[in-house]
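Read off the chains here:
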Amino acid sequence: MSDDSHKPVLLRRERLVAAGVVLIWTILAARLVQIQGLQRKEFAHRARRQQTIEQTIPARPGDIFDRSGRLLATTTRAESLFVDPSRIDDPWGVSLSLSEAVHIDSDRLYERIGASRNSRFLWVKRRLSRDEADAVRRLDLPRHCWGLRREYLRQYPQGTLASHVLGLRDIDGIGRGGVEQAFDALLRGRDGTRRLVRDARGFVLDELDQVAQPVEHGQDIHLTLDAVVQTHVEHQLDRLMEEWKPVAVSAVVLDPNSGEIVAMASRPTFDQNDPGAGDGEGWVNRAIAAVSEPGSTFKPLIVAWALDRELLLRDEPFDCEQGEYRMGGRLLHDHHPYGVLSTADVLVKSSNIGMAKIGERLGNERLHTAATAFGFGRKTGVELPGELSGTLRPLPLWTDYSLGSIPMGQELSATPLQVVTAHAVLANGGRMITPHLFASGRHPAPSPRNVVTSRVIGEEAANWVVRVPLVQVVERGTGRKAALEDFQVFGKSGTAQKFDAATGQYSHTRHVCSFVCGAPADDPRLLVLVTVDEPTVGGPHFGGTVAAPAAAQILRRALLYRENRTRFAEDFDDAVPAR
Amino acid sequence: MQHSLLRNSFLSLIGVLLGMGLLMVYSASITARPTEFEQVYLSRHLTFLSGGVCVGLTAAFLPSRFWRWAAPWLFGLTLILLAIVLVPGIGHRVNGAQRWLRFGSISMQPSEIAKVTLPLLVCWWLTPRRNAPDEIRSRFRSWLTRFAVIVPIGLTLGLIVVEPDLGTAAFLGGIAGIALFLSRWPIRNFVISTLAVAPLATTALVLRPYQWQRIQGFLTAWRDIDLAPYQVRQSLTTLGVGGIHGVGLGSGWQKLSFLPEANTDFVFAVLGEELGLIGTLGLIALWTALFLLGLRLLAVQPVRSFEFTAGATLLTQVVLQAALNVAVVTAMVPPKGIAHPLISYGGSSLVVTLAALGIVVSMSRRDTAALTEIGPPAGD
């Protein structure tokens with residue numbers, strides 16, 4: 001036998017091979033320690049990322065109800081069409097047939113598909129009608145290149161009713177304007193997420209509940225609005241638009257004792273269910289976002305404040321100078337020449353000269369204090385976006401002119417809501433209450449806005465102004481057209497000349513006619529303010545002629561309806577003008 | 001006594017590896033949606049396993065002198081199969097490479113068989129026959145004869161390169177090199193052949209730019225894993241998910257769809273995810289133990305004998321193939337489709353591996369016939 005067989009078994013070359021193999025395994029073991037020990041978190045994260053997908057569970061926006069639980073806004077489901085551009089083999093054919101089915105422009109769709117060839121997702125049209133969705137299904141396109149996804153669709157079952165108050169939800173479900181925006185946080189809720197386990201081909205294998213964020217659906221909210229009163233208000237505004245062809249009209253119905261807004265409307269308007277239509281003019285809620293000088297509707301506020309501060313007596317005589325009164329370098333006129341008028345008659349006749357004399361007695365500082373006390377120059381705090389504060393110039397800018405202008409409602413401007421809120425102070429016995437839309441007490445959550453109540457004037461002065469001069473305005477003054485058989489109405493007209501920026505003077509032809517009224521006088525339950533901006537036909541254009549009849553009609557229907565629903569409903573039918 | 005204990009341990013290790021393979025093939029074949037794939041794969045794997053065990057046992061019971069006698073014939077047969085696979089219409093083409101022969105439902109790669117027959121041939125060529133007269137022994141020592149062994153090696157590798165299957169050719173080249181090395185091939189011959197092959201390999205890289213791209217891609221993957229080929233990314237991720245303890249047998253997610261070839265070439269990654277670092281290092285320990293025990297087992301043979309060199313080469317071949325698979329899965333070498341011996345699902349690979357290990361056992365047996373000099377087996 002060879003000598004080799006007796007040598008120690010593993011010789012140099014064998015040892016080398018064995019050492020080599022063991023070395024290789026050692027290196028691999030070290031590599032495994034690196035991957036599975038040191039870098040394991042990084043890879044685990046990578047795996048989690050590719051194995052799970054997060055899917056949003058959209059929150060359903062809450063419903064909006066009126067004060068009696070009538071549905072004003074709700075949410076249904078609709079299907080939205082998307083395509084996977086990377087998988088469309090025939091973009092032109094697909095664009096053509098899809099655009100026909102959902103009524104969109106085929107060239108535009110073709111361009112959009114072409115522009116996102118590398119992406120996996122493209123909305124074609126969202127929230128299809130049922131017919132459109134069926135039409136898309138009937139096309140029978142290749143299944144992998146398109147899909148329908150269910151989305152929430154905001155709907156306003158009352159049509160355009162209270163559109164300015166409600167606002168709308170945009171295509172992504174975000175509240176735009178009105179209550180939809182103001183209470184967006186409450187209404188929208190919070191989207192949940194679901195984590196799904198998927199495989200490499202994108203098939204969903206499992207749902208991981210333990211890590212999902214639960215969806216919080218939006219809360220329902222109840223408004224102080226009354227849909228029936230609102231309907232009536234809107235009919236009246238439509239009639240005013242037809243009769244006087246004004247630029248715009250608005251109306252507010254307010255419960256003076258609680259500050260609840262029962263109705264609020266503005267013309268021109270828009271359709272929440274079809275927000276694309278219209279010229280954009282209709283988007284402004286003129287009740288809170290159109291300012292004008294309040295004019296004579298401001299007068300009772302000053303009188304009430306002066307009476308309360310005992311700067312004025314109820315039966316005090318004012319010489320109204322037969323309609324012409326020189327105040328410094330300024331000549332004031334009354335509409336009719338009057339001799340001596342009592343404090344009450346200054347309001348009943350709406351004498352500018354009488355008011356100017358009251359202004360002279362108070363002085364600028366007190367006038368400013370009074371205007372501020374009634375909420376002029378600052379927002380009312382209603383829960384609506386876009387509210388304007390009007391203008392109340394700072395006292396140092398006031399001049400001798402102001403002594404005559406301010407008491408008759410010039411040199412300051414306000415929104416209709418500010419005016420009606422100020423009048424609510426008179427109607428409720430002297431308290432300023434934040435006007436609001438959110439019906440507190442109906443929600444489990446506390447009211448999101450604080451309703452502030454503060455005393456402005458004493459009850460005595462407020463009640464007297466309402467029950468004596470303002471009642472007489474309707475009985476024998478400028479507001480006779482607002483008289484009602486069933487109720488004792490109090491009110492005040494306002495006719496403001498619009499300031500003409502071109503000439504730098506007050507216009508003699510362009511007016512803002514307003515009328516604020518309430519009833520019953522001994523216990524006012526509702527206040528109505530109707531503002532007609534620039535009536536263009538008919539005449540004469542006074543608050544008492546243009547706005548008063550509509551305001552009184554609104555007041556009557558609303559009060560009747562509140563007293564007895566059934567009687568109102570019958571009455572309501574024949575009261576609705578044919579449109 | 002000592003020897004039979006060694007052999008029993010060696011066989012037990014093979015059994016443990018086969019058991020692990022069985023588990024992993026079953027687990028890695030589970031699909032995302034409920035199907036019967038895992039049962040189908042398991043039963044097929046069991047079929048191959050029983051076939052492989054029969055082949056392996058037969059190989060182990062055959063005396064080593066049979067293998068010595070059969071080495072050239074088996075090699076010749078392999079060459080014929082390697083040639084046949086290239087004939088259009090007979091060889092089966094998968095992904096542009098003609099590597100497969102199909103017999104009914106069974107398919108096999110002739111290059112797999114070459115992993116056994118080429119080392120046998122090299123050792124047969126270079127080791128002196130026992131009991132041979134001195135002049136014959138000296139003939140075997142003549143330089144030219146010894147150098148001529150590169151002709152059959154070159155022929156085999158050439159046929160495999162043409163398929164093309166560069167990875168397997170390179171692996172076989174390495175195994176042949178180990179066989180040459182253990183057969184005391186002179187170092188200067190290695191130097192000469194390396195010098196001869198180097199320009200060839202360079203030309204191949206230039207002529208087949210896609211190979212070069214693969215290597216470049218591999219190098220970029222080291223810098224940024226996001227640039228790595230999909231399967232490398234997935235196999236590393238799969239291993240990493242397992243961490244130290246693993247997610248539990250059968251509970252792996254990656255195999256469900258993200259990891260390609262989960263039950264064949266990347267079964268090691270599945271094992272890594274489900275059994276963790278403990279499982280992967282355990283498997284490495286098993287292979288190392290198998291390797292060292294096998295060498296001890298073969299140590300009863302004279303170091304320069306056919307039995308020792310052939311047995312050691314085949315053993316190294318199997319263990320290195322496992323190491324190469326792990327290296328691919330851990331992105332230590334460029335991606336190459338290679339099964340993990342005994343662990344991967346795979347018909348012909350499993351049978352060939354068991355045959356190779358069977359031959360190792362056969363080689364480790366003291367050939368009583370030879371020792372008592374009853375005579376050479378027929379044909380030798």
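Coordinates for the structure precede this section.
Calculation notes
- Residues numbered from 1 in each chain as written.
- Chains lettered and ligands numbered in written order.
- Predicted model: local features only at pLDDT ≥ 70, side-chain atom pairs only at ≥ 80, totals over all residues.
- Heavy atoms only, no water.
- Helix = DSSP H or I, 4+ residues; strand = E, 2+ residues; numbered from the N terminus.
- Buried < 20%, exposed > 50% of the residue type's maximum accessible area, 1.4 Å probe, protein only.
- Contact = heavy atoms within 4.5 Å.
- Areas by Shrake-Rupley, 256 points an atom, 1.4 Å probe, with all protein chains shown as cover.
- Pairing = 2+ DSSP bridges.
- Buried area = accessible area lost by both parts, 1.4 Å probe.
- Salt bridge = Lys/Arg side-chain N within 4 Å of Asp/Glu carboxyl O.
- Polar contact = N/O pair within 3.5 Å; in protein donor to acceptor, adjacent residues only side chain to side chain.
- Expected span 1.5 Å × (residues − 1).
- Axes fitted to C-alpha atoms, helices over the stretch in contact; angles between N-to-C directions.
- Parallel < 35°, antiparallel > 145°, perpendicular 65-115°, else oblique.
- Left-handed = near helix turned anticlockwise from the far one by under 90°.
- Nonpolar A, V, L, I, M, F, W, Y, C, P; charged D, E, K, R; others polar.

Trainee: Help me out: how do you make sense of the overall build of chain A in this one?
Mentor: Secondary structure summary: chain A contains 18 helices and 23 strands in total. The buried share of chain A, taken over its 579 residues, is 54%. Excluding contacts between residues fewer than 6 apart, the proportion of contacts in chain A whose partners are at least 24 apart in sequence is 71%. In the structure as shown, chain A presents an accessible area of about 26000 Å², 50% of it carried by carbon and sulfur atoms.

Trainee: What exactly am I supposed to notice about the pairing of strand S22 (residues 505-519) of chain A here?
Mentor: In summary, the side chains of a regular strand alternate between the two faces of the sheet. All names here are of chain A. Sheet analysis places strand S21 (residues 490-500) next to S22, joined by 10 bridges and oriented antiparallel. Residue pairing across strands places glycine 494 opposite serine 514, the latter belonging to S22. From the end of S21 to the start of S22, which pair antiparallel, there are four residues, and glycine 504 there has a positive phi angle of about 75°. Looking at chain direction, S22 and strand S23 (residues 526-533) are connected through eight bridges and run antiparallel.

Trainee: Looking at this structure, I do not really get the interface of chain B and chain A. What am I missing?
Mentor: By convention, interface size is frequently given as the accessible area that disappears when the constituent parts associate. Counting from both sides, the interface comprises 56 residues of chain B and, opposite them, 40 residues of chain A. Buried surface at the junction of chain B and chain A, summed over both partners, amounts to about 4200 Å²; 72% is from carbon and sulfur atoms. Across the chain B-chain A interface, the total number found is one salt bridge. Along the contact surface separating chain B from chain A lie seven residue pairs in polar contact (both at pLDDT 80 or more). Element by element, the count of residues in the side of chain B that touches chain A is highest for helix H12 (residues 267-298) of chain B, at 12 residues.

Trainee: Can you help me understand helix H13 (residues 352-373) of chain A in this one?
Mentor: An α-helix turns once every 3.6 residues. As a result, residues three or four positions apart point the same way. Residue and element names in this part refer to chain A. The terminal C-alpha atoms of H13, which comprises 22 residues, lie only 22 Å apart, well short of the 32 Å expected from a rise of 1.5 Å per residue. Sitting at the head of H13, serine 351 places a side-chain oxygen 3.4 Å from the backbone nitrogen of isoleucine 353. Remark: glycine 375 follows H13 within two positions and exhibits a positive phi of approximately 95°.

Trainee: Which parts of the structure should I look at to understand the sheet that holds S22(A)?
Mentor: Paired through backbone hydrogen bonds, the strands of a sheet run either parallel or antiparallel to each other. Residue and element names in this part refer to chain A. Across the sheet, five strands lie side by side as S12-S11-S23-S22-S21; this open sheet has antiparallel pairing. Edge positions in the open sheet fall to strand S12 (261-267) and S21, since each of these has one partner strand only. Between one strand axis and the next, the sheet turns by 10° as a mean value, whatever way the strands run. Here strand S11 (residues 248-254) pairs with S12 via six bridges, running antiparallel. Counterpart to leucine 254 in the pairing with S12 is isoleucine 261. Lying on the sheet, helix H9 (residues 227-244) is in contact with S11, S12 and S23; it crosses S12 at an angle near 25°.

Trainee: Got a minute to help me understand the environment of A:Ala427 in this structure?
Mentor: All names here are of chain A. Within the element layout of this structure, alanine 427 appears in helix H15 (residues 416-427). Along the primary structure alanine 427 and cysteine 517 are separated by 90 residues, whereas in three dimensions their C-alpha atoms are 9.7 Å apart. With residues up to four places along the chain from it excluded, the contact list for alanine 427 reads Pro256, Val466, Phe490, Pro524 and Leu527.

Trainee: Even after reading the chapter, I still don't get unusual backbone geometry, so can you show me in this structure?
Mentor: Negative phi values dominate among residues other than glycine, just as trans dominates among peptide bonds. Between A:Ala519 and the following residue, A:Pro520, the backbone shows a cis peptide bond with an omega angle of -15°. Topologically, A:Pro520 is positioned in the loop between S22 and S23. In this chain, B:Glu163 is followed by B:Pro164 through a cis amide linkage whose omega measures 0°. Note on placement: B:Pro164 falls in the loop between helix H7 (150-162) and helix H8 (166-182). One non-glycine residue, A:Lys245, lies in positive phi territory at about 40°. In this structure, A:Lys245 sits in the loop between H9 and S11. The backbone of A:Glu310 shows a phi angle near 60°, a positive value even though the residue is not glycine. Position of A:Glu310 relative to the elements: it lies in the loop between helix H11 (299-308) and strand S13 (317-319).

Trainee: In this structure, what is going on with the side chain of B:His45? I would like to understand it.
Mentor: Mapped onto the elements, B:His45 comes out in helix H2 (residues 37-61). When sequence neighbours within four positions are dropped, the list of residues in contact with B:His45 reads B:Gly21, B:Leu22, B:Val25, B:Ser344, B:Tyr345, B:Gly346 and B:Leu350.

Trainee: Before we go on, may I ask you to explain the side chain of A:Arg169 in this structure?
Mentor: Residue and element names in this part refer to chain A. Checked against the element boundaries, arginine 169 lands in strand S6 (residues 168-169). Here aspartate 184 takes part through its side chain, which lies 2.9 Å from a polar atom of the side chain of arginine 169. Sequence-distant contacts of arginine 169, defined by excluding residues within four places in its chain, comprise Pro61, Arg154, Tyr156, Ile174, Gly175, Glu180, Asp184, Leu187 and Arg188.

Trainee: Is there a simple way to explain the packing of helix H4 (residues 110-126) of chain B against helix H13 (residues 306-329) of chain B in this structure?
Mentor: Helix packing geometry: the angle between the two helix axes and the distance between the axes. Residues and elements named next belong to chain B. Running from N to C, H4 and H13 cross one another at 150°; their axes reach a closest spacing of 9 Å. By the angle between their directions, the pair H4 and H13 is classed as roughly antiparallel. Regarding H4 and H13, the two cross each other, and that crossing is right-handed. Seen from H4, the contacting residues are Lys115, Val116, Pro119, Leu120, Cys123 and Trp124; seen from H13, they are Phe306, Thr309, Ala310, Thr313, Leu314, Gln317 and Gln321. In the contact of H4 with H13, the residues fall into eight nonpolar, four polar and one charged.

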